[in-house]
Amino acid sequence: MANILVVDDELGIRDLLSEILNDEGHQVELAENAAQARAARGRSRPDLVLLDIWMPDTDGVTLLKEWSSSGLLSMPVIMMSGHATIDTAVEATKIGAMAFLEKPITLQKLLKAVEQGLSKTAPRKPAAPNSNSALPLADLTVEAVMTGGTLPAPVDMGPQATQSFLLEKPLRDARDEFEKAYFEFHLAKEGGSMTRVAEKTGLERTHLYRKLKQLGVDLTRGKRGI
């Protein structure tokens with residue numbers, strides 16, 4: 001998987017993004033300020049950088065400009081902030097940022113932005129006609145500016161799985177059988193990601209782990225290679 005550098009002065013944000021991205025199979029390096037980000041960039045070449053705009057020493061836009069002017073902006077950079085303006089987003093885009101995530105960052109938007117960033121060099125398929133392809137100026141947000149003012153196309157989730165169960169079994173056995181099939185389906189569908197399965201099923205991760213072990217679910221099933 002990818003090597004991702006997360007730059008944010010908030011410990012909670014760093015820990016959250018690291019947990020999610022590690023769960024997706026990525027290698028994550030953390031930096032709490034521009035100085036640490038420079039050092040991390042010098043040690044290795046990250047495949048993607050998640051860069052906070054507002055930091056106490058050097059802000060993210062300044063660091064982005066520094067990398068761009070020195071020829072170090074060889075990787076996709078996704079900006080993050082809860083207080084950015086459209087002017088800031090436009091400036092970051094002109095410098096070379098590829099996307100923007102508004103805090104608080106949702107799991108779906110994070111994973112989608114990371115996936116798009118890592119596939120940036122891949123050939124793009126022609127876009128299908130979409131009546132919502134452009135946002136009116138009045139509806140532009142910071143995030144819309146950073147993504148070209150487009151709305152995401154609907155995601156095809158594919159056919160839903162069907163299962164059959166023997167109803168003559170005792171209730172406890174039938175329930176366990178159903179729950180095991182239910183969780184195995186979601187694990188396979190989410191590529192083994194416990195974070196996304198927890199979100200889809202509405203369970204806390206610790207509760208989910210205990211439940212899967214209790215049911216005898218193979219936790220490696222559907223897990224993508226690292």
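Predicted, not measured: the structure shown is a model, and the values here were computed from it.

### Section: the pairing of strand E3 (residues 48–52)
Inference 1: E3 sits mainly inside the fold: five of its five residues count as buried.
Inference 2: Residues Leu48, Leu50 and Asp52 line one face of E3 and the alternating positions Val49 and Leu51 line the opposite face, and both faces are buried.
Inference 3: Here strand E1 (residues 3–7) runs beside E3; their pairing, made up of four bridges, is parallel. Among the inter-strand pairings, Ile4 is bridged to a residue of E3, identified as Leu48.
Inference 4: Summarising the sheet, E3 and strand E4 (residues 77–81) pair through four bridges and their orientation is parallel. Across the sheet, the residue bridging to Asp52 is Met80, located in E4.

### Observations concerning the pattern of salt bridges
Inference 1: What the rule picks out here adds up to eight salt bridges.
Inference 2: The shortest N-O distance in the salt bridge between Arg196 and Glu24 comes to 3.0 Å. Pair noted here: Arg196 is in helix H8 (residues 194–201) and Glu24 is in the loop between helix H1 (11–23) and strand E2 (27–31), with a separation of 172 residues, a long-range link.
Inference 3: One salt bridge connects Lys65 with Glu91, and the closest N-O pair in it is separated by 3.5 Å. With Lys65 in helix H3 (residues 60–69) and Glu91 in helix H4 (residues 86–95), this pair connects stretches of sequence that are 26 residues apart.
Inference 4: One connected set of salt bridges, linked through shared partners, spans Asp8, Glu10, Asp52 and Lys103.

### Describing the confidence of the model for the chain
Inference 1: Averaged over every residue, the pLDDT of the chain is 78; the share at 70 or more is 76%.
Inference 2: In this model, residues 121–140 is a region of pLDDT below 50 whose contacts with residues beyond four sequence positions or in other chains number 12 contacts.

### Describing H3
Inference 1: Residues Gly60, Val61, Leu63, Leu64 and Trp67 constitute the buried set of H3. Taken down its axis, H3 places every buried residue within 160 degrees of arc, on the same side.
Inference 2: Where H3 is buried, its residues contact E1, helix H2 (34–43), E3, E4 and H4.
Inference 3: If you check the start of H3, you find a side-chain oxygen 3.0 Å away from the backbone N of Val61, and it comes from Asp59.
Inference 4: A positive backbone phi angle near 75 degrees is found at Gly71, which sits one or two residues after H3.

### A look at the packing of helix H5 (residues 107–118) against H8
Think of two packed helices as two axes; the pair is described by the angle between the axes and how far apart they sit.
Inference 1: Across the interface, H5 lies against H8 with an axial gap of 11 Å and an inter-helix angle of 145 degrees. Read as a crossing pair, H5 and H8 show a hand that is left-handed. Across from Leu107, Gln108 and Leu111 in H5, the residues of H8 making contact are Thr195, Arg196 and Glu199.
Inference 2: Considering only residue class, the contact of H5 with H8 consists of two nonpolar, two polar and two charged.

### Focus: the packing of aromatic side chains
Aromatic ring pairs are defined here through the distance separating the ring centres and the angle between the ring planes.
Inference 1: A full pass over the atoms with the stated rule returns two aromatic pairs.
Inference 2: Here Tyr182 and Phe183 contribute two aromatic rings whose centre-to-centre distance is 5.2 Å and whose plane-to-plane angle is 75 degrees, an arrangement assigned as edge-to-face.
Inference 3: One aromatic cluster in this structure is built from Phe178, Tyr182 and Phe183.

Definitions and limits used
Starting afresh in each chain, residues are numbered from 1 along the sequence in its written order. The model is predicted, so local features are restricted to residues of pLDDT at least 70 and side-chain atom pairs to those at 80 or more, both for listing and for counting; the totals for chains, interfaces and linings are taken over all residues. Heavy atoms throughout the structure, all of them, feed into the side-chain values; hydrogens and water do not. The buried label applies to any residue whose accessible area, calculated with a 1.4 Å probe on protein chains only, is under 20% of its type's maximum; exposed applies above 50%, and partly exposed to all values in between. Secondary structure elements are taken from DSSP: a helix is a run of H or I of four residues or more, a strand is a run of E of two residues or more, and numbering for both begins at the N terminus. Pairing between two strands is assigned when DSSP locates at least 2 bridges connecting them. The working definition used for a salt bridge is a side-chain nitrogen of Lys or Arg within 4 Å of a carboxyl oxygen of Asp or Glu. pLDDT measures the predictor's confidence residue by residue and takes values from 0 up to 100. Contacts: residue pairs with any heavy atoms within 4.5 Å of one another. By arc we mean the arc of the directions from the helix axis to the C-beta atoms, nothing more. Throughout this description, a polar contact denotes any pair of N or O atoms lying within 3.5 Å of each other; where both atoms belong to protein, one of them has to be capable of donating a hydrogen while the other can accept it, and for residues adjacent in sequence the pair is counted only when both atoms sit in side chains. The axes used here are C-alpha line fits, helices contributing only the stretch in contact, and every angle between their N-to-C directions lies in the interval 0 to 180 degrees. Should the near helix be turned counterclockwise from the far one by less than a right angle, the crossing is left-handed, whereas a clockwise turn marks it as right-handed. Gly is placed with the polar residues, together with every amino acid not listed as nonpolar (Ala, Val, Leu, Ile, Met, Phe, Trp, Tyr, Cys and Pro) or charged (Asp, Glu, Lys and Arg). In summary, the pairing rule links any two rings of Phe, Tyr or Trp, Trp by its six-membered ring, whose centres are within 6.5 Å, and it sorts them by plane angle into stacked for under 30 degrees, edge-to-face for over 60 and tilted for everything else.

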